[in-house]
Every structure is written in structure tokens, then in C-alpha cells.
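# Coordinate inspection notes
What follows is each chain in one-letter form.
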Amino acid sequence: MKIVYVGDNRTRGNYGCRATSTALSQIIGEEHEIVGVIHGTYTNVDTGELFFSKHYPKWVYNKVGKMKYAQYFKTVAYIFHRMLKRGRYYFSKYDFISYDLDQSIENLLRCLPANPHLQEFDLRQYDFDALVVNGEGSFIFATPPWRECLIEAMMMHWAQKMGKKVYYLNGMLSDDPYFDSNEKTKKIIHNLFKKSEVVAVREEYSYQYALKNFSNINLKQFPDALFSWYDLVNDNINITNGRYVIGMSNATDASFKEFDFTKPYICVSGSSSVGLATKNEREIISIYSSLVNEIKEKFDMNVFLVEVCEGDAFLREVSKKTKTPMIPLDTPILAAAKILANARVLISGRYHPSILASLGGTPCVFMSSNSHKTKSIQELLEYENCVEFSVLPDKEEREKIIQLAEKKLALGEGLRTKIQSRAKWLSEETKKQKDLLK
């Protein structure tokens, strides 16, 4: 089949977005041709380029699109529109997406001449048989709604109107622990799922959520596509130092010396819910600095901070305060994967980095996330005790985190072999997703 692939997040910095988007694309591409790609750059949030008002007629967009200095004009208009809405810009009259998916399509087509960066959204240009959505973590039913969820819903609705098959793969379905559940979004998604060929979720929590909220759909469960990278991570290429892996943001002379992966080391990253738990960045930096210093005091091994997502940017300040090397966001993704996979332990509230670590057998100590992710991954990997710590751990919880890390380290190669064996089995299972496309 000829496929349009929606939600390819390789244009984002996030380790998980880059890695799992690539992995699912590779699975799909084994037996099918991907003829169009809709990236995650503009499905998640608008990046400051959108020129739209529901009151503007089509000729305005045509005129703006032909202006010599259109980009400057659009930037000024965008800032003005954001100021008018005072923080309520998304889903306002200045955003083309809304709960009305037909109106959203009409809005999009009308404004395309002035917004060429959205051209890849136009399904009319592709000769395709099916649309595949990389569900990943975008279908979290929060209030207000996630923009990414509604834009991907718009693409699914549009493809179904065109008589094309729609497949939702590699998905996670969840409420948001910090916001009210969004029944309106659920209803829209339910109607789309009922008309989709397959709805495939990546773990048991999402499966049970779908059974409860979305009846009469063709529901399947497969491990996350990223497990298919088992062979890539476990080849004979080793990362020993920073010489070949450091991205532009950390390209300093010191980077060539301070990264030594030949000796035992611990990795620490943040969580997808840090920014939801508090807006006080000083508090976040203080807590994580304490955690890192306490880890260093306890363990006689190197410690590396890992900026796995844009939301982990606070780790840069933690790095400075604690004098701890940081593996930056723009590290080549397979190099980053191998670094995580060969750590002695990973302390994190991140889903996909934990998968990358597990491919090499690295045990994880989990903090909470913006959904059930860090609970479900432990169950998927068959951890004996599923423990989830606060995303902002106080001194008592930090002590428990360190105690659990110490326990996992003491179990040595036996635990690593168990985790890696499970990851290998999950790798073979997730590759079967390709058989869903028919």
C-alpha cells in the first residue's frame, strides 16, 4: 500500500520522538511505500508562523502569501493575535484547529497560501491508500484539549472522508493526572476509531482505557515500536567517549575529555510532568541538584545528566551547579541510545529513554510522568516491584530512590540479562505490527 505517515516526530529534539517515530516508520516501510509524511513540528504547538483568523476571507491569505516581506508581517500579526488572546490563543479564532473537524479542514485549506509551512497537511496532494497515525503520546484527553490530538484527529477524519483506510498504531490512550478528562475529545476520537481499520496501543493501561472508553473498535496491543531497535542498539559498535557523539550545543573542548563511558556510570534525566508539577524553575533545579549530589555521594561511579527532551532544559543549570557532565538534547539518537543502554542504572520519569536503556539491560528507577507511562513500562518489562516516585522528590523520597538504585545495582548482570531478554522478546512482538497493514 501507499501510506501517508502522520506524526513523524523526528523534527523534534526529544529522544523518544526521534527514536520511536523512526522505528515505526521502518516497520511500516518494510512492506509498504510511504508517499507522504506529516511531521510533528506543527501538529504539537504552533511555532510562531501561523497567520490565521476565522474572519479573514481567502483573498487575504492569497495576498499575504505573495507579499515580499510576508514572513515579517506574519510574525507581527502572530504576536498581535497572541497578545489579544492573552494566553488563550490555541483553539481561539486565531487558530485553524477546533473541535469541528470539517471546519478545521476548511480553515486549513483557506489559509494555506499564507502558510506554506503547513502544505504537507494537505492530503489532496498525495496518491495514497491509507493513513497511518503514529499515536505515541499525543492522545491524552486533557482539558483544555491537546492540540496535537485534534490535528491528528483532523487528518484521520479527512482521510476517512476521502475513502482511505486509517490505522492508529503505536498509541497511548490516557487521561492527564493534572487536568480534567475531556469527554468532548473522547467522543470525537471514538467516532474516528470506530471507522479505523485498527487501533493498536502499546501497553496494558492503554488497552484497558480503550476497552472502557471506546467500544466497537478493532483494538490490538503491541509493544512500543522502539523495542524493534534491539539489534541496532546491541550491535558491535561501542560508545567510549564524547568524541563522536556530542551535538552542537555541547561542542566544547571539555566535551572531548569529560565523557568517559568505559567506566561504570549512572544516568539521570527529568520527567514529562516536571513543568506540570510546578512552574518554579528554581525549585526544580534545587531538587534535582540535591538528587544528583546525593547520588554522587553514595556511588563511586560517574554520573551523567541526560537532556532527553526540551522539558529537561533545567538540567543545564543542574549540570553547572553540581559540576556534572550533561549529554545534550541534540546528541545523535543512536549514540544516545547506546549510552543509556550501557548505564548501570537510569533514574528517570521518561518512557522512551527507559526503553532505550532496557534494550541494553539497564535497570531503571522511575519518577512519575504526565500519564500512566512510567507505571505501564515497568509492567511491560516485568519488573517484580513497580515503584513510581514523585517527580519532585523530597529528601525522604530521594533517599528511597537511591536505595532502590543501590538494590538494582547489587543484582548485577542477572538483572541486566533478565531485562535485556524481555526487551528482545518485545522487539520481535512489535515488529508484527507490519502485519496489521492490509
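Structural data are supplied above this passage.
This report concerns the structure included in the present document. (Residues numbered from 1 in each chain as written. Predicted model: local features only at pLDDT ≥ 70, side-chain atom pairs only at ≥ 80, totals over all residues. Heavy atoms only, no water.)

### Focus on the overall build of the protein chain
What counts, and what does not: Numbering of helices and strands starts at the N terminus; helices are DSSP runs of H or I of at least 4 residues and strands are runs of E of at least 2. The globule rule used here is 2.2 Å times the number of residues to the 0.38 power, and the radius of gyration it is set against is calculated over C-alpha atoms. Burial classes follow relative accessibility: with a 1.4 Å probe on protein chains only, a residue under 20% of its type's maximum area counts as buried, one over 50% as exposed, and anything between as partly exposed. In this analysis, two residues are considered to be in contact whenever any of their non-hydrogen atoms come within 4.5 Å of each other. For every accessible area listed, the method is Shrake-Rupley and the probe measures 1.4 Å; residues are considered covered only by the protein chains on display. As used throughout, the charge tally considers Lys and Arg to be positive and Asp and Glu to be negative, leaving His and the chain termini uncounted. A charge is said to be at NZ when it belongs to Lys, at CZ for Arg, at CG for Asp and at CD for Glu.
Across its full length, the protein chain holds 17 helices and 12 strands. In summary, the protein chain has a C-alpha radius of gyration of 22 Å against a globular reference of 22 Å for 438 residues, a match within 12%. Reported as C-alpha extents along the three principal axes, the dimensions of the protein chain are approximately 65 × 45 × 40 Å. Per-residue burial over the protein chain gives 58% buried out of 438 residues. Look at the contacts in the protein chain between residues 6 or more apart in sequence, and 73% of them connect residues 24 or more apart. Here the protein chain has roughly 18900 Å² of accessible surface; of this, 50% comes from carbon and sulfur atoms. Charge centroids of the protein chain, computed over 58 positive and 53 negative side chains, lie 5 Å from each other.

### Points about the layout of surface pockets
Rules: Using a grid of 1 Å spacing that covers the protein atoms alone, one calls a set of points a cavity when a 1.4 Å probe fits there but cannot get out, and a pocket when the set is open and has protein on both sides within 12 Å along at least five of seven lines; lining residues are those with an atom within 4 Å of a point. Grid points are joined across faces, edges and corners, and a volume is the space filled by probe spheres set on the points. Only Asp, Glu, Lys and Arg are considered charged, only Ala, Val, Leu, Ile, Met, Phe, Trp, Tyr, Cys and Pro nonpolar, and every remaining residue, Gly among them, polar.
Space inside the second largest pocket adds up to approximately 310 Å³. Along its surface, the second largest pocket is lined by 15 residues, and Glu384, Asn385, Lys408, Leu411 and Leu415 are the ones closest to its centre. At the level of secondary structure, the elements contributing two or more residues to the lining of the second largest pocket comprise helix H16 (395–410) and helix H17 (412–430). Partitioned by chemical class, the residues of the lining of the second largest pocket number eight nonpolar, one polar and six charged.

### Points about the pairing of strand S2 (residues 33–39)
Selection criterion: Two strands make a pair as long as DSSP finds a minimum of two bridges between them. Seen with its strands pointing away from the viewer, a crossover is right-handed when the path leading from the first strand over the helix to the second is clockwise.
Inspection of the sheet shows strand S1 (residues 2–8) paired to S2 by six bridges, in the parallel sense. Paired with isoleucine 3 across the bridge in S2 is isoleucine 34. Crossover connection from S1 via helix H1 (residues 15–29) to parallel S2: handedness right-handed.

### Focus: the pattern of salt bridges
It is possible for side chains of opposite charge to pair when their charged atoms get near one another. In plain terms, the rule: Any carboxyl oxygen of Asp or Glu that lies within 4 Å of a side-chain nitrogen of Lys or Arg is treated as forming a salt bridge with it.
Considering all chains together, one arrives at 23 salt bridges under this definition. Of the charged contacts in the structure, one is a salt bridge between glutamate 148 and arginine 12, with a shortest N-O distance of 2.9 Å. A residue pair is termed long-range when its members are at least 10 positions apart, and glutamate 148 in helix H5 (residues 147–161) and arginine 12 in the loop between S1 and H1 qualify at 136 residues. You can call glutamate 148 buried: its relative accessible area is 6%. In this structure, glutamate 428 and lysine 431 form a salt bridge, with 3.5 Å as the shortest nitrogen-oxygen distance. Glutamate 428 sits in the partly exposed class, given a relative accessible area of 43%. The network of salt bridges with shared partners includes Asp175, Glu183 and Lys186.

### Overview of the sheet that holds strand S6 (residues 219–221)
Which entries qualify depends on this criterion: Between N-to-C directions, angles span 0 to 180 degrees; the directions come from axes that are lines fitted to C-alpha atoms, helices contributing only their stretch in contact.
Read from one edge of the open sheet, six strands run S2-S1-S3-S4-S5-S6, paired in parallel fashion. On the outer flanks of this sheet lie S2 and S6, each paired with one strand and no other. With direction set aside, neighbouring strand axes in the sheet form an average angle of 25 degrees. Examined bridge by bridge, strand S3 (residues 130–140) and strand S4 (residues 165–174) share eight bridges and lie parallel to one another. Bridge pairing links phenylalanine 139 to leucine 173 in S4. In this fold H5 packs onto S1, S2, S3 and S4, with an angle of close to 160 degrees to the strand it touches most, S3.

### Overview of the pairing of strand S10 (residues 345–349)
Summarising burial for S10: five of the five residues are buried, a large majority. Side chains Val345, Ile347 and Gly349 of S10 all project onto a buried face; the interleaved residues Leu346 and Ser348 project onto the opposite face, where all are buried too. Of the pairings in the sheet, the one linking strand S7 (residues 265–271) to S10 comprises four bridges and is parallel in character. Paired with isoleucine 266 across the strands is valine 345, a residue of S10. Bridge analysis of S10 against strand S11 (residues 364–367) gives three bridges, and the strand direction is parallel. Along S11, the bridge assignment pairs isoleucine 347 with valine 365. Between S10 and its parallel partner S11, the chain crosses via helix H14 (residues 351–358), and the hand of that crossover is right-handed.

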